[in-house]
Structures are given as structure tokens and as C-alpha cells.
Amino acid sequence: MGIPGSGLAKGLAVTLRTMTRKSHTAQYPDVQPELPPRTRGVIGLFEENCTVCMLCARECPDWCIYIDSHKETVPPAAPGGRERSRNVLDRFAIDFALCMYCGICIEVCPFDALFWSPEFEYAEEDIRDLTHERDKLRDWMWTVPAPPALDPRAEEPKEIGAARKAADKLVAAEATAAAEAAQAEAERASDAGDGPNGTNEPNGPNASDGPNASDGPNASDGTDASDRTDGSDGNGAAT
């Protein structure tokens, strides 16, 4: 049997020890917390890896993943081959108002299409806005930390390489579109320069063969020539 009041004394001792320590206050949101890389904040979707296998939606204990898709027929790659059908993703949404952040969907995905992001600042005033569609889930992929390299000479993670290739293709497509637009504008400007007031109009009113040309009435062989009627051999000549 313990001494009466020993529990109270132990509690007061803990209180006294805590009172003598300097308190530490996290200055959030002015100072962001340093979270570990495996923090379960929000789920990002890498759409290119998704094959619409539905494993994540079937294994989710909260049924908070919504997936819609349709089938498309792919022509054969070689002549004489068979057509193939593939699933095309139409909708991928996660309701974070229901999600309990268990991570089962990420673990069961056989094609590495879902990843944890440490971002946690996505509170909404309307609960319906906590349902993130695939475009927003795709944006979370840019906040997913890179996996640690197993070796200093290890290759770049395939997720980062694929995301970089997709971004490079988008930049190249935008550059090509801008170059084509500039070329079309230059062609329109060139066509405008060859119009009625252009320099390539030899038969215009000011051309060299017009009425003011050298063979006109004021030309050197006209009435003022040396052989006109009132010349030196005419009536006005000295006889």
C-alpha cells in the first residue's frame, strides 16, 4: 500500500519541472513547420500512370475515391494486327472530407499513380470544395518530395523524369504555336506589301509607258522637233 498523497506529489513534481523550463511557441503561419518527408498531408495523382484498374477505389475503406472512365479502340500498330481496347480516365476525384489518410490506396496502386504530399493547407469554407478533382490532384504532384536516392550515382526517379518530359513537351508545343503564329503574321504583312500601292506594279498609272512616257506628245519626236512645219525649212525660215 502506497503512502497517501504520493500520486498528488508526483503530479505536482511534474508541474514544477515544467514550470522551470522555457516554453517554445511555433510561430505558425508566419513560420512554416519543418515536416518529415513522409508526412501524410494530401494525395497527388500522376495521371499518366493510371490505368483505371479501380483497385484504389475498391480497397478504400471510406469509399471516398470516385473514378469514371470509358473504353476506346486503338488501331493495330502493324498492318494485319488486331485492334486493342483501352480504358480512358474521365474522372478521378478524392473526397478529403471522408478520407482518413490510411494510405491504402497508395499502397495497393500497382502502377505508382498515387503519392503522398506533405502539403496540409487546403482547408475550405465549403465542405463540397474538399472533393479534389483530377486537375487539382495533378497539381499536388508538384509538391511531392523526391524519393531519396539509394546511391549517389542512382538514376533520376522515373516519376520526376516523366513529369519533366511532359512539361518539356508542353513548352515545345507552345513555342511551335508561337513560331507558326509569327510566320503567319509575317506572310500577311508580306502580302499586304505587294498590294495596289506596292512596288511590284509595272502597269500602274505611274508606270514608264504611261501618257507621260518618252513617246508621248511632249516627247523629243513631237511637234517641237527640228523637222516641225515651222522649222528652218518652213515659211519662217530665212530665204
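Structure's up top.
Right, let's walk through the structure included here. Note on numbering: residues in each chain are counted from 1, in written sequence order. Residue-level local features of this predicted model are given only where pLDDT is at least 70; pairs of side-chain atoms are given and counted only at 80 or more, and the full residue set underlies all totals for whole chains, interfaces and linings. By convention in this description, side-chain values take in all heavy atoms of the structure and omit both hydrogens and water.

The next point concerns the overall build of the chain. Secondary structure elements are defined from DSSP: runs of H or I of at least 4 residues count as helices, runs of E of at least 2 residues count as strands, and each element is numbered from the N terminus. Scanning the chain for helices and strands turns up five helices and five strands. For the chain, the α and β elements follow one another from N to C terminus as α-β-α-β-β-α-β-β-α-α. Out of the 239 residues belonging to the chain, those deemed buried represent 21%. Should any heavy atoms of two residues lie within 4.5 Å, those residues are considered in contact. Put simply, of all contacts in the chain between residues at least 6 apart along the chain, 70% involve residues at least 24 apart. Exposure categories follow from relative accessible area, calculated using a 1.4 Å probe and restricted to protein chains: below 20% of the type maximum is buried, above 50% is exposed, and the middle band is partly exposed.

Before going further, it helps to examine the nonpolar core. Formed by 26 residues in total, the largest nonpolar core has its most connected members in I43, I65, I67, F92, I94, F96 and L114. Elements with a contribution of two residues or more to this core: strand 1 (42-45), helix 2 (55-59), strand 2 (65-74), strand 3 (84-95), helix 3 (104-108), strand 4 (114-117) and helix 4 (134-140). Apart from the residues within four sequence positions on either side, I43 is in contact with I94, F96, C105, I106, L114, F115, W116, L137 and W140. To define a nonpolar core, start from buried Ala, Val, Leu, Ile, Met, Phe, Trp, Tyr and Cys residues and group those joined through side-chain atoms within 4.5 Å.

Before going further, it helps to examine the packing of aromatic side chains. Within 6.5 Å between ring centres, the rings of Phe, Tyr and Trp (the latter by its six-membered ring) count as paired, and their orientation is classed by plane angle as stacked under 30 degrees, edge-to-face over 60, tilted in between. For the structure shown, the criterion picks out five aromatic pairs. Aromatic side chains Y122 and W140 sit 5.8 Å apart centroid to centroid with 65 degrees between the ring planes, which places their arrangement in the edge-to-face category. Taken together, the residues span a long stretch of sequence, with Y122 in the loop between strand 4 and strand 5 (131-132) and W140 in helix 4 at a distance of 18 residues. A residue is classified by how much of its surface remains accessible, and Y122, at 9% relative accessible area, is buried. Given a relative accessible area of 12%, W140 falls into the buried group.

Let us look at the sheet that holds strand 3. Strand pairing follows a simple DSSP-based rule, namely that at least 2 bridges must link the two strands. Strand order in the open sheet made by the three strands is 2-3-5, with antiparallel pairing throughout. Edge positions in the open sheet fall to strand 2 and strand 5, since each of these has one partner strand only. One ladder, built from ten bridges, connects strand 2 with strand 3; its direction is antiparallel. In the strand pairing of strand 3, I67 is matched with F92.

Our focus in this paragraph is the environment of R84. Relative to the elements of secondary structure, R84 occurs in strand 3. Counting along the chain gives eleven residues from R84 to T73, while the straight-line C-alpha distance between them is 5.6 Å. Ignoring anything within four residues of it in the chain, the contact list for R84 reads E72, T73 and V74.

So, about the pattern of salt bridges. Each salt bridge in this description consists of a side-chain nitrogen of Lys or Arg and a carboxyl oxygen of Asp or Glu lying within 4 Å of one another. Under the counting rule described, the total for this entry stands at eight salt bridges. Between R134 and E47 there is a salt bridge; the shortest N-O distance is 3.0 Å. With R134 in helix 4 and E47 in the loop between strand 1 and helix 2, the pair connects residues that are 87 residues apart, well separated along the chain. Among the residues examined, R134 registers a relative accessible area of 23% and is labelled partly exposed. Here R138 ties to E48 by a salt bridge, and the two come within 3.1 Å at their closest N and O atoms. One end of the pair, R138, is in helix 4; the other, E48, is in the loop between strand 1 and helix 2, with 90 residues separating them in the sequence. A relative accessible area of 47% means that E48 is categorised as partly exposed.

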